[in-house]
Amino acid sequence: MKKQTVVTALIAAGMIAAAGGLAVSSGAQAQVSSEGGPVMVGGDSMHMDELAHTQTLVGRVEVIQDNARLRADKVVITRQPGANGRGFGEVVTIVATGNVYYVTPDSTMKGDQAVYTKATDDMVLTGDVILTQNQNVTTGTRLVYNLTQKTTTFDAGTGRVKAIIYPDKK
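The structure presented is a predicted model; accordingly, all values stated were derived computationally and were not measured.

**Q** Which residues make up the overall build of the chain, and what are the values?
**A** Each helix and strand in the chain was counted, giving one helix and eleven strands. Secondary structure elements of the chain, listed N to C terminal, follow the sequence α-β-β-β-β-β-β-β-β-β-β-β. When burial is assessed residue by residue, the chain has 40% of its 170 residues classed as buried. Taking the contacts inside the chain whose residues are at least 6 apart along the sequence as the reference set, 40% of them involve residues at least 24 apart. In the form shown here, the chain has an accessible surface area of approximately 9600 Å², with 54% of it arising from carbon and sulfur atoms.

Written out as C-alpha cells, the structure reads:
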C-alpha cells in the first residue's frame, strides 16, 4: 500500500474512531456556518489531545459546515469536555493560521489568521485581510464577521480600510 494511502486510511480510521462528536459534530449550533449542523474536518494530519480537548489539523485543512468552508494550513479546534469531563464536547474556538480562506455563499474572506469564538459567534480574520462580495472588494487588517447577525466590521490599524463597491444594476 502506498504511503499516502496508508496515511489517508489512518486519518479516516482516527476520525471514525472519534466520531462521538470529534470529527463530525451533530449539534445544531454554528461553528463556521450560520446554518449550524454537522461539521466535517480534514487535513494531511490530525492530532487529538483528550486532556486539553483539542483537535489539531495540519496541511491542506478544511472545515466544512453546511454551505460554509474554512481552509488553512493549520487549524486548532478547542472543545468543551465531553461526558464525565473526558473526550470532546461542543466547539469553543477554532483557530486557523496560514493561507486562511473563509468562504460563504455571499462572500470570500482571506487573511493570515482566523479565530472563531462560539460564545460570540464571531469569525475574526487578521493580517492582510481581503473581503470579496461579487465584484466588491474591501481590504484592511482586521475583519469581524458575526455568523448569526451576518454583520461585518473592518478596520486597518494605523492604515485605512479601502473598498471598491460596484452599485447593483437595475
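**Q** Lay out the nonpolar core with the relevant residues and their values.
**A** Grouped together as the largest cluster of nonpolar side chains are 28 residues, with contacts concentrated most on Leu 70 and Tyr 102. Elements represented by at least two residues in this core include exactly β2 (39–42), β4 (54–65), β5 (68–79), β6 (91–103), β7 (108–117), β8 (122–133) and β9 (136–146). If we skip the residues at most four places from it in the chain, Leu 70 touches Val 32, Val 61, Glu 62, Val 63, Ile 94, Ala 96, Val 100, Tyr 101, Tyr 102 and Ala 114.

**Q** How would you sum up the environment of Gln 55? Please name residues and give values.
**A** Relative to the assigned elements, Gln 55 resides in strand β4. Looking at Gln 55, the relative accessible area reads 0%, which means it is buried. Taking C-alpha positions, Gln 55 is 9.1 Å from Phe 88, a pair spaced 33 residues apart along the chain.

**Q** Let's hear about the pattern of salt bridges: which residues, and what values?
**A** Tallied over the full model, the rule gives three salt bridges. Measuring nitrogen to oxygen at the nearest pair gives 2.6 Å for the salt bridge that ties Asp 44 to Arg 60. On the criterion of sequence distance, the pair formed by Asp 44 in the loop between β2 and β3 (45–49) and Arg 60 in strand β4 is long-range, its members being 16 residues apart. A salt bridge links Arg 69 to Glu 62; its shortest N-O distance comes to 3.4 Å. Taking relative accessible area as the criterion, Arg 69 reaches 36% and is therefore assigned partly exposed.

**Q** Give me the lowdown on the packing of aromatic side chains, citing residues and values where you can.
**A** Taken as a whole and assessed by the stated rule, the structure comprises one aromatic pair. Measuring from ring centre to ring centre gives 6.1 Å for Tyr 102 and Tyr 145, while their planes differ by 55 degrees; the resulting arrangement is tilted. With Tyr 102 in strand β6 and Tyr 145 in strand β9, this residue pair connects regions lying 43 residues apart in the sequence. In this arrangement the basic side chain of Arg 71 is found over the ring face of Tyr 101, its NZ or CZ atom lying 4.9 Å from the centre.

**Q** Lay out unusual backbone geometry with the relevant residues and their values.
**A** In this structure, Asp 121 is a non-glycine residue whose phi angle is positive, near 60 degrees. Tracing the chain through its elements places Asp 121 in the loop between β7 and β8.

**Q** Would you mind going over the environment of Lys 110 in detail, with residue names and values included?
**A** Relative to the elements of secondary structure, Lys 110 occurs in strand β7. Here the alpha-carbon distance between Lys 110 and Gly 127, two residues 17 residues apart in the chain, equals 9.0 Å.

**Q** Describe the environment of Asp 122, with residues and values.
**A** Mapping Asp 122 onto the fold places it in strand β8. The exposure class of Asp 122 is buried, given its relative accessible area of 18%. Here the alpha-carbon distance between Asp 122 and Leu 143, two residues 21 residues apart in the chain, equals 9.9 Å. Once residues lying within four places of it in the same chain are set aside, the contact partners of Asp 122 are Val 115, Tyr 116, Thr 117, Val 144, Tyr 145 and Asn 146.

**Q** I'd like a rundown of the confidence of the model for the chain, residues and numbers included.
**A** Scored by pLDDT, the chain comes out at a mean of 83, with 82% of its residues at no less than 70. Note on residues 1–30: pLDDT under 50 across the span, and 49 contacts to partners over four residues away in sequence or across chains.

Rules behind the numbers
Residues numbered from 1 in each chain as written. Predicted model: local features only at pLDDT ≥ 70, side-chain atom pairs only at ≥ 80, totals over all residues. Heavy atoms only, no water. Helix = DSSP H or I, 4+ residues; strand = E, 2+ residues; numbered from the N terminus. Buried < 20%, exposed > 50% of the residue type's maximum accessible area, 1.4 Å probe, protein only. Contact = heavy atoms within 4.5 Å. Areas by Shrake-Rupley, 256 points an atom, 1.4 Å probe, with all protein chains shown as cover. Core = buried A, V, L, I, M, F, W, Y, C linked by side-chain atoms within 4.5 Å. Salt bridge = Lys/Arg side-chain N within 4 Å of Asp/Glu carboxyl O. Phe/Tyr/Trp six-rings, centres within 6.5 Å; stacked < 30°, edge-to-face > 60°. Lys NZ or Arg CZ within 6 Å of the ring centre and 35° of its normal. pLDDT = per-residue confidence, 0-100.

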